[in-house]
Amino acid sequence: MIKVISKLLEDGWNVAYRQLPEGEILGDTNTPFCIIPNTWRTWEADPFVFQYDGKIYIFAEMFDYITRRGSIGYTQWEKNRFTPWKKVICESFHMSYPNVFLWHNEIYMLPETSESRKLLLYKAIRFPEQWECIRVLAEDVMWVDTTFFRNNDILYAITTDVSDEENHKDYLLTFSDNLDIIKKEQIKECNIKYSRSGGRFFTYDGKMIRVTQDCSERYGEALIFSELFPEKVLHMGVTNILCHLFPQELKMTEKKTWIGLHTYNGTEQFEVVDIERQHFNIFGLFRRVLGKVFK
């Protein structure tokens, strides 16, 4: 995920928010997003905003500059600001894309855990700080950014198989009421320009909207918002593109050069994105110096 630009600079991400209803980004890119500060040791990306019991939380990947691995953390809206990031799930493998959701009055998370070659389901034992991996949904897979949608009271998900870097595959997963995968079908159209999911499905102007990442030129180049036709998803993939959104088109409260954008999520009160920029990082510089010394 990190791309070294020079000896002093590398790419890093921030989470940004604004107080607007979900889906408004399709009609309003002028209202500015506010940056949530990163910790001194991590940058944050892949935000999922989640409203529960009258409170607002954002879960995100926390990428550690030292270990070079992502964990899952959260921030909470308190006193008109978001609190400092706090890490809550840390494994021996990289984690990102904390897809958190409510199912039968329980809170679950389906994060991206492809480095473990498993698709893992977590459950909140004591929300928001204590989580437990309760099930291995699939093994010997490298599925990323698995994202749910419902149609005719059936729960589905679209996932992207990245085991072959040159030939990604998209699958439609069908889930049981108990959150087991009962069917896997390959989606015929798989285009790197609008294949990999970049946030939850949502409804806008009576349409089901899918958010995907445009990675055709570089990772995290832009976001694409498309209308999804559930009954045709196996044959058509993503169709009817409504918006192709580049980071330069979003207004931010901080005047910096933003170069990447790859996640969008919203609730009735907040919208969140992640935004990429080049920055100086002493840990990255130190790591590269050591790499040359011991090469």
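Some remarks on the sheet that holds strand 11 (residues 130-139)
Thinking step 1. A sheet is described by the order of its strands in space; here four strands give the open sequence 8-9-10-11, paired in antiparallel fashion. Two strands bound the open sheet, and with one partner strand each, they are strand 8 (96-103) and strand 11. The mean inter-strand angle of the sheet, taken between neighbouring strand axes irrespective of direction, is 25 degrees.
Thinking step 2. Pairing of strand 10 (residues 118-126) with strand 11 involves eight bridges; the strand directions are antiparallel. Bridge assignment links L119 to a residue of strand 11, and that residue is A138.

With respect to the sheet that holds strand 12 (residues 143-151)
Thinking step 1. Here we have four strands laid out as an open sheet, ordered 12-13-14-15, and antiparallel in their pairing. In this open sheet, the two edge strands, each paired with only one partner strand, are strand 12 and strand 15 (181-187). Between one strand and the next, the sheet's axes are offset by a mean angle of 25 degrees, whatever the strand orientation.
Thinking step 2. Examined bridge by bridge, strand 13 (residues 154-161) and strand 14 (residues 169-175) share seven bridges and lie antiparallel to one another. Note on strand 14: the bridge partner recorded for Y156 is T174.

Some thoughts on the pattern of salt bridges
Thinking step 1. Taken as a whole and assessed by the stated rule, the structure comprises nine salt bridges.
Thinking step 2. Its salt-bridge partner being E106, residue K123 comes within 4.0 Å of it at the nearest N-O pair. Placement of K123 in strand 10 and of E106 in strand 9 (residues 106-112) is noted, with a sequence separation of 17 residues between them.
Thinking step 3. On the basis of relative accessibility, which here comes to 22%, the residue K123 falls in the partly exposed class.
Thinking step 4. For R135, the salt bridge identified is with D180, shortest N-O distance 3.0 Å. Here D180 lies in the loop between strand 14 and strand 15 and R135 lies in strand 11, a separation of 45 residues in the sequence.
Thinking step 5. Residue R135 is classed as partly exposed on the basis of its relative accessible area, which comes to 22%.
Thinking step 6. One connected set of salt bridges, linked through shared partners, spans R18, D28 and E271.

Some details on the confidence of the model for the protein chain
Thinking step 1. Put simply, the protein chain has an average pLDDT of 90, and 89% of its residues get 70 or more.
Thinking step 2. This model gives residues 1-5 a pLDDT under 50, and the stretch forms 18 contacts once residues within four places in sequence are excluded.

Details of the nonpolar core
Thinking step 1. Residues F59, I89, Y122, F127 and W131 are the most contacted members of the largest nonpolar core, which totals 19 residues.
Thinking step 2. Elements represented by at least two residues in this core include exactly strand 3 (42-52), strand 4 (55-64), strand 5 (69-78), strand 7 (86-89), strand 8, strand 9 and strand 10.
Thinking step 3. A total of three residues in this core trace back to one element, the largest contributor, which is strand 10.
Thinking step 4. Not counting residues up to four positions away in its chain, the partners in contact with W131 are F59, V88, I89, V100, I107, Y108, M109, Y122, K123, A124 and I125.

Conventions adopted
- Residues numbered from 1 in each chain as written.
- Predicted model: local features only at pLDDT ≥ 70, side-chain atom pairs only at ≥ 80, totals over all residues.
- Heavy atoms only, no water.
- Pairing = 2+ DSSP bridges.
- Helix = DSSP H or I, 4+ residues; strand = E, 2+ residues; numbered from the N terminus.
- Axes fitted to C-alpha atoms, helices over the stretch in contact; angles between N-to-C directions.
- Salt bridge = Lys/Arg side-chain N within 4 Å of Asp/Glu carboxyl O.
- Buried < 20%, exposed > 50% of the residue type's maximum accessible area, 1.4 Å probe, protein only.
- pLDDT = per-residue confidence, 0-100.
- Contact = heavy atoms within 4.5 Å.
- Core = buried A, V, L, I, M, F, W, Y, C linked by side-chain atoms within 4.5 Å.

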